[in-house]
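Take a look at the letters that make up each chain.
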Amino acid sequence: MARAMYDYTKAVLKKVSFDSNLFCKELQKAMMRLLPHEIEELRIWVNSLIKQNPELNQCLIYLKE
């Protein structure tokens with residue numbers, strides 16, 4: 001259950017990746033609720049997702065915090 005929030009966050013982000021505004025909002029929420037090591041993993045995952053969906057590139061600013 002330790003990774004439940006991380007896995008849930010990834011699932012939500014996948015589902016909203018069609019809309020960059022929703023994706024940015026969910027990414028902001030994720031940055032507040034995940035642990036530091038999970039945030040690092042999420043950064044890697046989001047970067048690979050952005051390669052597939054370049055329109056999500058604007059959301060990278062939320063990963064810099």
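One numbering rule holds for all chains: residues counted from 1, following each sequence as written. Only residues with pLDDT of at least 70 are given local features in this predicted model, and only at 80 or more are side-chain atom pairs given and counted; all residues enter the totals for whole chains, interfaces and linings. The side-chain figures draw on all heavy atoms in the structure; neither hydrogens nor water molecules are used.

Peer 1: Explain the pattern of salt bridges to me, using residue names and the numbers behind them.
Peer 2: For this document, the term salt bridge refers to a Lys or Arg side-chain nitrogen within 4 Å of an Asp or Glu carboxyl oxygen. By the definition in use, this model includes 3 salt bridges. We note a salt bridge from E41 to R3, for which the minimum N-O separation is 3.0 Å. Pair noted here: E41 is in helix 3 (residues 36-52) and R3 is in the segment before helix 1 (4-15), with a separation of 38 residues, a long-range link. E41 sits in the partly exposed class, given a relative accessible area of 29%. The closest approach of N and O atoms between E26 and K29, which form a salt bridge, is 3.2 Å. Taken as a pair, E26 and K29 lie in helix 2 (residues 20-33) at a separation of 3 residues, close to a single helical turn. When its relative accessible area of 38% is taken as the criterion, K29 is described as partly exposed. By the criteria applied, helices consist of DSSP H or I runs no shorter than four residues and strands consist of E runs no shorter than two, each listed in order from the N terminus. Remark: exposure states derive from per-residue accessible area (1.4 Å probe, protein chains only) relative to the maximum for the residue type, with buried under 20%, exposed over 50%, and partly exposed in between.

Peer 1: Any chance you could break down the packing of helix 1 against helix 3 for me, citing the residues and the numbers?
Peer 2: All axes here are fitted lines through C-alpha atoms, helices being fitted over the stretch that makes contact, and every angle between N-to-C directions spans 0 to 180 degrees. Direction vectors running N to C along helix 1 and helix 3 enclose 25 degrees, while the axes themselves pass 11 Å from each other. Taken together, the axis directions place helix 1 and helix 3 in an arrangement best described as roughly parallel. As for the relative orientation of helix 1 and helix 3, their crossing is right-handed in sense. Judged by residue contacts, Y6, T9, K10, L13 and K14 of helix 1 engage E38, E41, L42, W45 and V46 from helix 3. For the contact of helix 1 with helix 3, the class distribution of residues is 5 nonpolar, 1 polar and 4 charged. Note that the term roughly parallel is reserved for angles under 35 degrees, roughly antiparallel for angles over 145, roughly perpendicular for angles of 65 to 115, and oblique for everything else. We call a crossing left-handed when the near helix sits turned anticlockwise from the far one by less than a right angle, and right-handed when that turn is clockwise. Any two residues having at least one pair of non-hydrogen atoms within 4.5 Å are treated as being in contact. Amino acid classes used here: Ala, Val, Leu, Ile, Met, Phe, Trp, Tyr, Cys and Pro are nonpolar; Asp, Glu, Lys and Arg are charged; the rest, including Gly, are polar.

Peer 1: Quick one: what's the story with the environment of I50, residue by residue and with numbers?
Peer 2: Along the chain, I50 falls in helix 3. A C-alpha to C-alpha distance of 8.9 Å links I50 and L60, two positions 10 residues apart in sequence. With near-sequence residues (within four places) excluded, I50 lies in contact with L56, N57 and L60.

Peer 1: Any details on the packing of helix 2 against helix 3? Residues and values, ideally.
Peer 2: Where helix 2 meets helix 3, the axes come as close as 11 Å, and the angle between the chain directions of the two elements is 165 degrees. Judged by the angle between their axes, helix 2 and helix 3 are roughly antiparallel. Of the two elements, helix 2 crosses helix 3, and the hand of that crossing is left-handed. On helix 3, the residues touching F23, L27, A30 and M31 of helix 2 are I39, L42, R43, V46 and L49. For the contact of helix 2 with helix 3, the per-class residue count stands at 8 nonpolar, no polar and 1 charged.

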